[in-house]
Every structure is written in C-alpha cells, then in structure tokens.
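Below, each chain spelled out in residue letters.
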Amino acid sequence: MKRPSPRAITSLVVGALAIVALSVKLPQPRAAQPFAQLTADSARPAPPVVSPWRVHADTLHPGETLSGLLARGGVSTVAMTRILDAADAIDERRVPAGMPVFVRSRGADSTPSEIVFQLAVDRLLHVVRTGDSSWTSREERLPWTTDTIAVSGTIDANLYQALDDSASKLLPSGARSELAWSLADIYEYRVDMSRELQAGDRFSVLFVRSVGPGGVVRVGDILAARFTLSGSEMDAVRYVTRSGRTEYYDQNGRSMRAEFLRAPLAFRRISSVFGRRKHPILGTWRAHKGIDYAASSGTPVRAIGDGTIVYVGRRGGYGNVVEIRHRNGFVSRYGHLRGFAKGMRRGRAVTIGQTIAYVGMTGLATGPHLHFEILVNGVQRDPRVALKRQGGEPLPAGERARFDAVRVAMLAELDSTSRGEQLAMR
C-alpha cells in the first residue's frame with residue numbers, strides 16, 4: 001500500500017485543525033426541544049437531531065486557482081467573485097498548494113454562509129455572508145502554548161537515535177530532527193556530530209517548545225546544552241550581549257564559533273574515516289589522506305573557513321576539485337564534485353560557510369560523496385586533528401560577570417529539567 005506523502009499528511013492535519021476550530025468558534029444550530037412527556041403506551045424514541053449545516057472540505061490542488069476550488073465546492077460564479085473580493089488577506093499568486101478550504105452552507109441554501117481558508121496551521125480566514133449578496137472577512141489566530149523543557153540522552157549509534165530514544169514522548173519525529181540539527185549547528189566549530197560522537201557520550205539540552213493547534217510542535221531557541229565527550233564536558237549557553245547580539249559561549253566565556261568549521265557538510269553521515277582503507281575503484285590498499293562524507297548528489301559543499309581559492313577544475317582521480325588557501329599555511333581540498341557554485345574561480349575570496357560546490361561522483365568515485373582533505377604547509381593531515389580548536393574569541397571583560405550569571409542560571413535549569421522537572425508554561 002502506498003504511503004501518503006508528507007504534503008498529504010500535512011494537509012490532513014491542518015484540515016483537522018480547521019474543523020476543530022470551526023466546531024468551537026462558529027455558531028451551532030440550537031438542539032431540538034424535547035417532546036412532551038409520553039405515557040407508557042405511546043412512548044417512542046425522539047427523532048434524531050439533524051444539523052442544518054453542510055460542510056464541504058477540500059484542499060487546493062497544485063496549479064489550481066481558488067476560483068476552481070470554490071467552483072468544485074458548489075459556489076456560483078457571482079458569489080465566488082464577491083467572496084474573493086472580501087478575502088483581501090489572500091494573495092492568489094502566493095497561495096500554496098494543499099491549503100485547506102471549508103465551504104459551509106445552511107440546509108438547502110445553494111449560496112454558502114461561510115468560507116474558511118486555512119492560511120497556516122494557526123491562522124484562519126473566515127469569509128462570512130452578511131446578507132443576500134454581501135460578504136465580510138475576519139482573521140482568527142489559534143493559540144500556541146510555550147514551555148521550556150530539557151532532554152538528556154546517551155549516544156549509542158548517533159545523535160538522531162539518542163534523541164529518538166530520549167524525546168519520543170516530548171517531540172514528534174520532525175521536531176526531534178530539528179533539535180538535532182540545531183545542536184549540530186551550535187557545536188559545528190567544536191564537534192562533527194556525524195563522526196566524532198562515540199558510544200557512551202552523553203548530551204543534555206534545554207530549549208523552548210511551542211505546541212500549537214492540533215498538537216503541532218515547534219522547537220524554539222536552545223537556551224543551554226552540554227555534551228560529555230569521552231568524559232570531558234563541553235557546555236554551550238545562549239547569551240545576548242549588551243549590544244543586542246545573540247551568540248553561544250562555552251563554560252569559559254569563549255564563543256562557540258572558531259576559525260574553522262569541523263566539517264564541510266552540515267551534519268551528514270561519513271562513508272569512511274581517516275586512515276588506511278581499500279580504495280573502492282583501484283581495489284588496492286592505500287593511505288586515504290582525508291575523509292569521505294556520504295551525501296546525495298547536489299548537496300551543497302561549504303568552505304570550512306575564510307580563504308582564497310587557489311585551484312578550481314578537474315584533477316585526475318579527484319574529478320572536479322576545489323582548493324582553498326587559509327591562514328597559517330592551511331589548505332582545504334574538496335573532491336569528486338558534481339559542479340562548482342557560481343563565480344568560483346582562482347583568486348576568488350570565500351568566507352566560512354559559503355557554498356563553493358556540490359557533491360557529486362566525478363573522478364574515481366563509485367557513488368556520490370565528498371572527499372575532503374586538509375594540508376598544513378603542503379603536508380596532508382588528519383582533519384580531525386588539524387581542525388581541532390579550543391574555542392573562539394572570549395567575551396569582553398565587561399561582559400563576563402553578566403554572562404556568568406546567565407550561565408549559572410541556565411545550567412541550573414538544564415540540570416533540574418533534565419531530571420524531569422518541567423518548567424512552567426508561558
């Protein structure tokens with residue numbers, strides 16, 4: 001049996017939300033009055049109460065206009081024009097496919113009494129008939145509930161698995177993935193989540209969770225996090241400086257940002273690690289002076305640091321390759337590329353995190369992946385060692401006392417909530 005697509009599932013969810021909102025917010029017909037008391041001889045069940053409302057639920061098809069959808073719901077051309085004129089909050093050119101729409105009619109009335117457009121999971125547009133031919137519209141915001149929670153877990157296979165094990169009752173699958181990506185983004189200058197976590201490593205994360213209509217969950221800001229890697233703790237605390245800049249700092253007040261990213265791809269699985277391995281095409285054992293990151297063809301490849309392109313083109317078994325010279329004698333090399341980002345040429349300056357190329361399988365490659373190397377003063381080095389840094393720039397002395405107060409408070413909340421003490425909703 002074919003599984004429904006994510007878009008179809010989303011449509012069903014938001015559609016259900018709209019029905020719930022309608023059932024609560026819209027006036028319902030008054031229940032029938034009870035019959036007079038009957039004698040035992042004439043007693044018979046009361047007839048069922050029949051609602052005078054008819055509801056046609058539908059979603060906008062790809063490439064379809066709102067007029068087409070309303071026509072399918074039995075709305076006449078004259079009424080349709082007036083409805084769309086009243087729905088001035090909708091830009092028909094930007095209405096997404098899958099948007100739920102509900103047409104409510106009373107009894108045998110051929111003209112609807114109300115049209116409800118589900119503009120977002122928490123936003124409804126009601127277009128209501130106020131007379132024989134006049135319509136008016138109003139927006140409704142469905143409420144969200146926000147709280148602060150913490151999740152702790154132990155690494156067995158990877159961060160995804162650890163979050164699935166520890167947060168399955170707190171977050172749906174998609175939100176757990178978002179939390180993993182957010183953690184990887186914070187630590188991407190210190191830890192490559194795809195290859196440096198080991199079985200037995202632990203993590204804790206304090207974050208904001210929002211629960212919306214129908215149980216929709218969103219992951220908000222991470223407030224504090226802690227990884228215990230091979231027995232060493234590495235904290236990250238969200239801090240807003242006096243100038244208004246938001247940044248994450250470690251327990252020593254150093255920025256989590258550093259000179260180099262730990263990986264050229266954003267949190268991807270690695271197909272092989274530094275050391276000796278059997279080359280997949282040549283079939284002979286040789287030193288594999290780099291790291292291969294398995295990823296889909298076309299995945300963006302990013303510069304691991306600021307620098308200048310010294311080579312871009314094709315080179316033997318590397319296939320399409322880019323080389324970037326950084327400070328202190330570092331050169332980063334990216335091979336087997338499908339193609340290069342626009343404007344990449346020798347002498348071009350690039351910045352850390354900038355997309356420079358796309359994963360491919362050119363050269364000696366059996367499948368799409370990125371081959372990544374680090375050279376220091378012309379000598380190939382293990383990227384895990386060469387890119388290891390203790391931290392970024394420290395906070396100014398004038399910020400330290402204020403930061404330390406925030407750090408102590410956030411880590412105390414992290415410790416308490418990770419023991420199951422959920423903070424109050426807000």
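As shown above, the structure is provided for reference.
The structure reproduced in this document is the subject of the present report.

## Side note on the packing of aromatic side chains
So, step 1. The final tally for this structure, using the stated rule, is 9 aromatic pairs.
So, step 2. Considering the side-chain rings of Y187 and F227, the 4.8 Å spacing of their centres and the 75° angle between planes classify their relative orientation as edge-to-face. Of this pair, Y187 sits in helix 5 (residues 173–187) while F227 sits in strand 8 (residues 217–229), and the two are 40 residues apart along the sequence. With respect to burial, Y187 and F227 carry one shared label: buried.
So, step 3. By the ring-pair criterion, three or more aromatic residues cluster together here, those being Y187, F203 and F227.
So, step 4. Looking at R315, its charged tip hangs above the ring of Y311, at a distance of 4.0 Å from the centre.

## Some points on the nonpolar core
So, step 1. Membership of the largest hydrophobic core comes to 31 residues, with the highest contact counts inside it found for L159, Y187 and F203.
So, step 2. Of all the secondary-structure elements, those providing two or more residues to this core are strand 6 (145–154), helix 4 (159–167), helix 5, strand 7 (202–211), strand 8 and strand 9 (232–240).
So, step 3. For this core, the element with the most residues is helix 5, which contributes 7 residues.
So, step 4. Apart from the residues within four sequence positions on either side, F203 is in contact with V151, S152, G153, T154, I155, L159, A162, L163, S166, L183, R226 and F227.

## Some words on empty space enclosed by the protein
So, step 1. Applying the stated criterion to the full structure yields 1 cavity of 30 Å³ or more.
So, step 2. Approximately 80 Å³ is the volume found for the largest cavity.
So, step 3. In this structure, the largest cavity is lined by A184, D185, E188, V191, D192, M193, R262, A263, L265, A266, F267 and R302.
So, step 4. For the lining of the largest cavity, the per-class residue count stands at 7 nonpolar, no polar and 5 charged.

## Remarks on the environment of T81
So, step 1. The residue T81 is located in helix 3 (residues 77–86) in this model.
So, step 2. Note on T81: relative accessible area 43%, which makes it partly exposed.
So, step 3. For the pair formed by T81 and S67, sequence separation is 14 residues and the distance between their alpha carbons is 8.3 Å.
So, step 4. A distance of 3.1 Å separates a polar side-chain atom of T81 from the backbone oxygen of T77.

## Topic: helix 5
So, step 1. The end-to-end C-alpha distance of helix 5 is 21 Å, a good match for the 21 Å that 15 residues give at a rise of 1.5 Å each.
So, step 2. Along helix 5, the residues that are buried comprise A175, R176, S177, L179, A180, L183, A184, I186 and Y187.
So, step 3. In this structure, the buried residues of helix 5 make contact with helix 4, strand 7, strand 8, strand 9 and strand 10 (246–249).

## What about the side chain of R262?
So, step 1. Within the element layout of this structure, R262 appears in the loop between strand 10 and strand 11 (270–272).
So, step 2. For R262, a relative accessible area of 3% translates into the label buried.
So, step 3. Here the side chain of R262 touches E196 through a polar contact of 2.5 Å, side chain to side chain.
So, step 4. From its side chain, R262 meets the backbone oxygen of R384 in a polar contact 3.2 Å long.
So, step 5. Those residues within four positions of R262 in sequence are excluded, and the remaining contacts are E188, Y189, R190, V191, D192, R195, E196, Y293, R384, L387 and K388.

## Side note on unusual backbone geometry
So, step 1. The phi dihedral of N328 falls on the positive side, at around 65°, and the residue is not glycine.
So, step 2. Position of N328 among the secondary structure elements: in the loop between strand 17 (319–325) and strand 18 (330–340).
So, step 3. A relative accessible area of 60% places N328 in the exposed class.
So, step 4. Its identity as a non-glycine residue notwithstanding, N377 has a phi of 55°, on the positive side.
So, step 5. Tracing the sequence through the fold places N377 in the loop between strand 21 (369–376) and strand 22 (379–381).

## Digging into the environment of A79
So, step 1. Relative to the elements of secondary structure, A79 occurs in helix 3.
So, step 2. By relative accessible area, which is 7% here, A79 ends up buried.
So, step 3. Put simply, A79 and P112 are 33 residues apart on the chain and 8.4 Å apart in space, counted from C-alpha to C-alpha.

## Here's the deal with the pattern of salt bridges
So, step 1. The final tally for this structure, using the stated rule, is 27 salt bridges.
So, step 2. Residues D221 and R238 are paired through a salt bridge, measuring 3.4 Å at the closest nitrogen-oxygen approach. Of this pair, D221 sits in strand 8 while R238 sits in strand 9, and the two are 17 residues apart along the sequence.
So, step 3. Residue classification places D221 among the partly exposed positions, given a relative accessible area of 42%.
So, step 4. Judged by its relative accessible area of 24%, R238 falls in the partly exposed class.
So, step 5. Each of D192, R195, E196 and R262 takes part in salt bridges that share partners, so that together they form one network.

## Thoughts on the side chain of R302
So, step 1. Relative to the helices and strands, R302 resides in strand 15 (residues 300–302).
So, step 2. Looking at R302, its side chain comes within polar contact range of the main-chain oxygen of A263, at 3.3 Å.
So, step 3. When neighbours within four sequence positions are excluded, R302 is seen to be in contact with E188, L261, A263, P264, L265, A266, Y334, G353, Q354, T355 and I356.

The rules behind the values
- Residues numbered from 1 in each chain as written.
- Predicted model: local features only at pLDDT ≥ 70, side-chain atom pairs only at ≥ 80, totals over all residues.
- Heavy atoms only, no water.
- Phe/Tyr/Trp six-rings, centres within 6.5 Å; stacked < 30°, edge-to-face > 60°.
- Helix = DSSP H or I, 4+ residues; strand = E, 2+ residues; numbered from the N terminus.
- Buried < 20%, exposed > 50% of the residue type's maximum accessible area, 1.4 Å probe, protein only.
- Lys NZ or Arg CZ within 6 Å of the ring centre and 35° of its normal.
- Core = buried A, V, L, I, M, F, W, Y, C linked by side-chain atoms within 4.5 Å.
- Contact = heavy atoms within 4.5 Å.
- 1 Å grid on protein atoms, 1.4 Å probe; cavity = no way out; pocket = protein on both sides within 12 Å on 5 of 7 lines; lining within 4 Å.
- Points joined across faces, edges and corners; volume = space filled by probe spheres on them.
- Nonpolar A, V, L, I, M, F, W, Y, C, P; charged D, E, K, R; others polar.
- Polar contact = N/O pair within 3.5 Å; in protein donor to acceptor, adjacent residues only side chain to side chain.
- Expected span 1.5 Å × (residues − 1).
- Salt bridge = Lys/Arg side-chain N within 4 Å of Asp/Glu carboxyl O.

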